[in-house]
Amino acid sequence: MLTLRGLTKRYGEKTVVDDLTLEVAPGKVTGFLGPNGAGKTTTMRMITGLDRPTSGTALISGKPYAGLGRPLRTVGSLLDARATHPRRTAHQHLLAMARSNGIPARRVPEVLGAVGLTDVAGRRAGTFSLGMAQRLGIAAALLGDPEVLLLDEPVNGLDPDGVLWVRTFLRSLAAEGRTVFLSSHLMSEMELTADRLVVIGQGRLLADGPVADVVAAGTRRSVRVRGPQHGGLAALADRLAREGAEVDSPAPGELDVSGVPLERVGDLAHEAHVHLYELRAVEASLEEAYMRLTSESVEYARKRRTDVEAGV
Amino acid sequence: MAAADAARRGPTSPSPALSPSLSLPSALRGAVSAEWTKLVSLRSTWYLLPGAAVLTGTIASSAGVLTHDPTASPGDPAVIAELNGVALVLSALAMLSVTGEYATGSATTAFLCVPRRGLLTAAKCLLLGAVTFTAGLVCAVVGVVCGVLALEESTFDAATVSGQVLGIGTHAALLSVLTVGLAAVVRRSAGTVTALFGLLFLLPVGLDVLPGGETAVDLLPAGASEALLLGDNGTYGWGAALLILTCWSVTFVAAGTAAVIRRDV
């Protein structure tokens, strides 16, 4: 369990994380989504005590990170895959970490095996590709068999096999009752991996809930209509508008209808004898929801900045 | 500090199994053990340690050949070596344990493993102090052997020589601990080397020309080093020197710890 209360980080005038309050529950994969510079990494660094919050608290199982006697046994984190000394071997890197937290040395080959790095255990971390460094970072996060996992962009640099592996692996960790909190800018990845989503923009919380809810809240469902008779479609559009629908024509011979159910659109087309090639409910996508959520936050920030400049 | 930690842990701890509590000594033991693993797994360590011994041998041999004093102790050339470079080589080891982590980004990992900032600095001081003390002793023995071979004539006194050997080890350890503190403030290797050089060599020269500067110079780490290893620097003897140099190390470590606690990683 991860609890953030009013977490805020300011650098001078710039607020990077703004009054973030949320809970990350165990047994689920919680995705942490936001555009670049939204404050995801800073939030993770405050949770792990690397950066000091300007105000607010971040608690892990009710304690600040520095209050965990052997933090690696409670929280495994991957914040920066290159947080290794390039001249130290993968094995030595993990061994030093294990010793610092009283973790038995036999865990080192275990986690190296779990991430598929057994063969390169004796190689210097500086010679690793980004994908291998990510795997080493995941191995380091797993070292203390922690109940909470914090992963900042864990699939960054992994090949498709690696991405699939991480996804399956994180889901299995959550299924074991662990708290998995991962950030990513890959929305498709989040849709496949996460149960819950936390979306931030400009350091502020934009959405927090199950993936389906976030998608539903952030998008409007619509009906796509396509046919060969341009005149007939225009008449249909008028008819739909009278029913209170919002109708767009993204291209000649195409309508984008919202506010009226698909069945009603089909009935009206039939009544008007309009020839259709396509009548389809457009599924709301996380990407669309995300773009809508974050573009509003960008607009909000721009407006606020203008207000400040205008002296409001 | 341990009591405060225990108090903080007490009521908020939901389950001892989930939140392993830990006493300060065993946390420190883990941190020191990790520092040892980190130190011996870097090649630079295995360049610097033999390098210090070779440098001692070279300087001590030259100094021995150039010394023509029948009352000279066989340990004198080793002391000259320690004061003129060997201590700096061993301090470089201490410096790299701090600046090497900031330069490579592995400082993030270090603080994730040992989030209590003072504890991490304390572990580095303890380990590097112990390692450079031992290395200092070994270098001193090398220096004495070279001194015996190079000196045309000398007077061997077991108490004097063992005092010099012990002094060299102590000096190396105190200067290394001071360097850990300095490096924690500066964070970068180049800056730390420059600051250390300025503190040990430039500041005494600069202060010397000021009125009353001579006493001030004697009180600086360089002056205390001389008094510690030569027995006297004109103002005080080796006992006071040990105390003054220890104070300098503690001051620098306190400054380094304060900087590490105050700043984000």
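Analysis parameters
Residues numbered from 1 in each chain as written. Chains lettered and ligands numbered in written order. Predicted model: local features only at pLDDT ≥ 70, side-chain atom pairs only at ≥ 80, totals over all residues. Heavy atoms only, no water. Helix = DSSP H or I, 4+ residues; strand = E, 2+ residues; numbered from the N terminus. Rg over C-alpha atoms; globule rule 2.2 N^0.38 Å. Buried < 20%, exposed > 50% of the residue type's maximum accessible area, 1.4 Å probe, protein only. Contact = heavy atoms within 4.5 Å. Areas by Shrake-Rupley, 256 points an atom, 1.4 Å probe, with all protein chains shown as cover. Pairing = 2+ DSSP bridges. Domains from an automatic or database assignment. Patch = residues over 30% accessible without salt bridge, like charges linked within 9 Å, V, L, I, M, F, W, Y side chains within 5 Å. Salt bridge = Lys/Arg side-chain N within 4 Å of Asp/Glu carboxyl O. Phe/Tyr/Trp six-rings, centres within 6.5 Å; stacked < 30°, edge-to-face > 60°. Lys NZ or Arg CZ within 6 Å of the ring centre and 35° of its normal. Polar contact = N/O pair within 3.5 Å; in protein donor to acceptor, adjacent residues only side chain to side chain. Axes fitted to C-alpha atoms, helices over the stretch in contact; angles between N-to-C directions. Parallel < 35°, antiparallel > 145°, perpendicular 65-115°, else oblique. Left-handed = near helix turned anticlockwise from the far one by under 90°. Arc of directions from axis to C-beta.

**Q** Can you explain the overall build of chain A? Please cite residues and give values.
**A** Of the regular secondary structure elements, chain A holds 10 helices and 13 strands. Whereas a compact globule of 312 residues would reach a radius of gyration of roughly 20 Å, chain A reaches 24 Å, over 25% beyond that. Across its three principal directions, the C-alpha atoms of chain A cover 75 × 55 × 35 Å. Expressed as a percentage of its 312 residues, the buried residues of chain A come to 52%. Residue pairs in contact within chain A that sit at least 24 positions apart in sequence constitute 69% of those at least 6 positions apart. Summed over its atoms, the accessible surface of chain A is roughly 13,900 Å², and 51% of this surface lies on carbon and sulfur atoms.

**Q** So what about the pairing of strand E10 (residues 222-226) of chain A? Which residues, and what values?
**A** All names here are of chain A. The buried fraction of E10 amounts to 4 of the 5 residues, a majority that puts the element mostly inside the structure. For E10 and strand E13 (residues 278-282), the ladder comprises 5 bridges, and the chain directions are antiparallel. What sits directly across from valine 223, in E13, is alanine 281.

**Q** So what's going on with the domain arrangement of chain A? Residues and values would help.
**A** The domain architecture assigned to chain A consists of domain 1 (2-210) and domain 2 (220-282). Distance between the C-alpha centres of domain 1 of chain A and domain 2 of chain A: 47 Å.

**Q** Report on a nonpolar patch on the surface, specifying residues and quantitative values.
**A** On the surface, a nonpolar cluster with roughly 380 Å² of combined accessible area is contributed by B:Val141, B:Val145, B:Val148 and B:Leu149. In this fold, B:Val145 is placed in helix H6 (residues 117-150).

**Q** Let's hear about the packing of aromatic side chains: which residues, and what values?
**A** Taken as a whole and judged by the stated rule, the model has 4 aromatic pairs over all chains. Ring geometry for B:Trp248 versus B:Phe252: centroids 6.2 Å apart, planes at 40°, classification tilted. Linking B:Trp248 with B:Phe252, this pair stays in helix H11 (residues 238-262), spanning 4 residues, or about one helical turn. We classify B:Trp248 as partly exposed; its relative accessible area is 25%. Geometry around A:Trp165 places A:Arg135 over its ring, the cationic atom sitting 5.3 Å from the centre. Above the ring of B:Phe111, the side-chain terminus of B:Arg117 is found at 5.2 Å from the ring centroid.

**Q** Could you give me a rundown of the environment of A:Thr168, with the residues and numbers involved?
**A** Residues and elements named next belong to chain A. Secondary-structure assignment places threonine 168 in helix H5 (residues 160-175). Between the C-alpha atom of threonine 168 and that of leucine 192, which follows or precedes it by 24 residues, the distance is 9.8 Å. Reaching out from threonine 168, the side chain makes a polar contact with the backbone oxygen of leucine 164 at a distance of 2.7 Å.

**Q** Before we move on, could you go through the sheet that holds strand E8 (residues 196-201) of chain A and cite the residues and values that matter?
**A** Residues and elements named next belong to chain A. Reading across the sheet, the 6 strands line up as E5-E6-E7-E3-E8-E9 and stay open at both edges, with mixed pairing between neighbours. Looking at the sheet topology across the chains shown, the edges are occupied by strand E5 (75-78) and strand E9 (204-210). Across the sheet, the mean angle separating the axes of adjacent strands is 15° when strand polarity is ignored. As judged from the 4 bridges shared by E5 and strand E6 (residues 148-152), these two strands associate in the parallel manner. Residue pairing for E6: valine 75 is matched across the bridge by valine 148.

**Q** How would you explain the interface of chain B and chain A if you had to name every residue and give the values?
**A** The interface of chain B with chain A comprises 36 residues on the first partner and 39 residues on the second. On the surface where chain B and chain A come into contact, there are 1 salt bridge. In this structure, the salt-bridge partner of A:Lys9 is B:Asp264, at a minimum N-O distance of 2.7 Å. Our count for the contact surface shared by chain B and chain A stands at 13 residue pairs in polar contact (both at pLDDT 80 or more). Of all the elements in the fold, those that place two or more residues in the side of chain B that touches chain A are helix H1 (2-12), helix H2 (24-40), helix H4 (76-104), helix H5 (106-113) and H11 of chain B.

**Q** Provide a residue-level description of the packing of helix H7 (residues 158-186) of chain B against helix H8 (residues 189-208) of chain B, including the pertinent values.
**A** Residues and elements named next belong to chain B. The N-to-C vectors of H7 and H8 enclose an angle of 130°; their axes lie 9 Å apart at closest approach. As judged from the angle between their axes, H7 and H8 are oblique. Here H7 runs over H8; the crossing is right-handed. Counted together, Leu175, Leu178, Thr179, Leu182, Ala183 and Val186 of H7 and Gly191, Thr192, Ala195, Leu196, Leu199 and Leu200 of H8 form the full contact between these two elements.

**Q** Account for helix H3 (residues 107-114) of chain A, with residues named and values stated.
**A** All names here are of chain A. Within H3 the residues assigned to the buried category are Arg107, Val108, Val111 and Leu112. Buried residues of H3 fall within an arc of 130° about the axis and therefore sit on the same side. The elements touched by buried residues of H3 are helix H2 (90-100) and helix H4 (130-142).

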